Amino acid sequence: MPFTLPLLPFAKNALAPHISERTMGFHYDKHHAGYVKKLNNQIEGTDYANMALEDIIRKADASGDSGIFNNAAQIWNHTFFWDSLSPNGGTKPDAPLSEAIKTSFGSFDDFNKAFVEAGKGQFGSGWVWLVSNAGKLSITTTKDALTPVLDDSIPLLTCDVWEHAYYLDYQNRRGDFLQAFVDELANWTFAEQQFQLNGQKDYWSLVEERSA
Ligand SMILES: [Fe+2]
């Protein structure tokens, strides 16, 4: 079965003014949909054709199939990013995630500052993540399409820092976009679910269950 573009969990205008409908139109309908289309073309008739998305990502990375890797990882990363956003976001997490944040970063405000700084510091295109390793939280960044799917960490939340994510709304002010993410958009309900699941289920299987 070819991959389909997962539905957005909110309306394209629901995040405005922090992320405009115009940005969402390009980001979801052009970029994200483009990755799905390209991956389906690349894997048709190959060993990859019937594999789960996480398995494609790992195999393509191990085999040096960079075109397949980039499109598969970007499908995963973008779907995870939409889940990391909410029109009612920018709240605070509840326990036990709130406690883990306090232990790992000192305070919720310290976490927010560190997340914004990490995203600003990522040179060029990439992603900033909140991840959990055996309950210990940290902030990481990945370049281009690289993704925590490749390591043992469990991602809880991400923000896309490719220019296409913010340039129409913020031009070069990536820091203002990241500040809007933590203040207004971060979906802590989703992060809490991921923290609770603790990697017991692949994220993509949840996406597929949801769209079945
Ligand atoms: Fe993106």
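Definitions and cut-offs
- Residues numbered from 1 in each chain as written.
- Predicted model: local features only at pLDDT ≥ 70, side-chain atom pairs only at ≥ 80, totals over all residues.
- Heavy atoms only, no water.
- Donors = N, O, S within 2.8 Å, 3.2 Å for Na, K, Ca; no water.
- Tetrahedral: all angles 85-135°; square planar, octahedral: opposite > 155°, others 65-115°.
- Helix = DSSP H or I, 4+ residues; strand = E, 2+ residues; numbered from the N terminus.
- Buried < 20%, exposed > 50% of the residue type's maximum accessible area, 1.4 Å probe, protein only.
- Arc of directions from axis to C-beta.
- Contact = heavy atoms within 4.5 Å.
- Polar contact = N/O pair within 3.5 Å; in protein donor to acceptor, adjacent residues only side chain to side chain.
- Pairing = 2+ DSSP bridges.

Chemist: Which parts of the structure should I look at to understand the coordination of the iron ion?
Modeler: In this structure, H27 (NE2), H78 (NE2), D160 (OD) and H164 (NE2) serve as the protein donors to the iron ion, at separations of 1.9 to 2.1 Å. Coordination geometry of the iron ion: the 4 donor atoms subtend angles of 90 to 129° at the metal centre, consistent with an arrangement described as tetrahedral. Going along the chain, you hit the donors of the iron ion in the pattern H-x50-H-x81-D-x3-H. One end of the pair, H27, is in helix α1 (residues 21–43); the other, D160, is in strand β3 (residues 154–160), with 133 residues separating them in the sequence. Classification of D160 as buried rests on a relative accessible area of 0%.

Chemist: Even after reading the chapter, I still don't get helix α4 (residues 97–105), so can you show me in this structure?
Modeler: Counting along an α-helix, one turn takes 3.6 residues, and residues three or four places apart therefore face a common direction. What α4 keeps buried is the set L97, A100, I101, S104 and F105. What you see down the axis of α4 is that its buried residues fit within an arc of 100°, all on one side. In α4, those exposed residues whose orientation departs by more than 90 degrees from the buried face are K102 and T103. Check the buried side of α4 and you find it contacts α5 (108–121), β1 (126–133), β2 (136–143), β3 and α8 (188–197).

Chemist: Would you take a moment to explain the environment of Y166 for this structure?
Modeler: By the element assignment, Y166 lies in the loop between β3 and α6 (167–170). The exposure class of Y166 is buried, given its relative accessible area of 3%. The sequence separation of Y166 and L15 amounts to 151 residues, and the corresponding C-alpha distance is 12 Å. Apart from the residues within four sequence positions on either side, Y166 is in contact with V161, Q171, N172, R174 and F177. A distance of 3.2 Å separates the side chain of Y166 from the side chain of R174, its partner in a polar contact.

Chemist: What am I meant to see in the pairing of β1 here?
Modeler: Side-chain positions along a regular strand alternate between the two faces of the sheet. Most of β1 is tucked away, with 7 of its 8 residues classed as buried. Taken together, the 8 bridges between β1 and β2 define a ladder with antiparallel strand orientation. Residue pairing for β2: L130 is matched across the bridge by I139. As consecutive antiparallel partners, β1 and β2 are separated by 2 residues, and within that stretch A134 has a phi angle of approximately 50°, a positive value. Where β1 and β3 come together, 6 bridges link them in antiparallel fashion. By the bridge assignment for β3, W127 is matched with D160.

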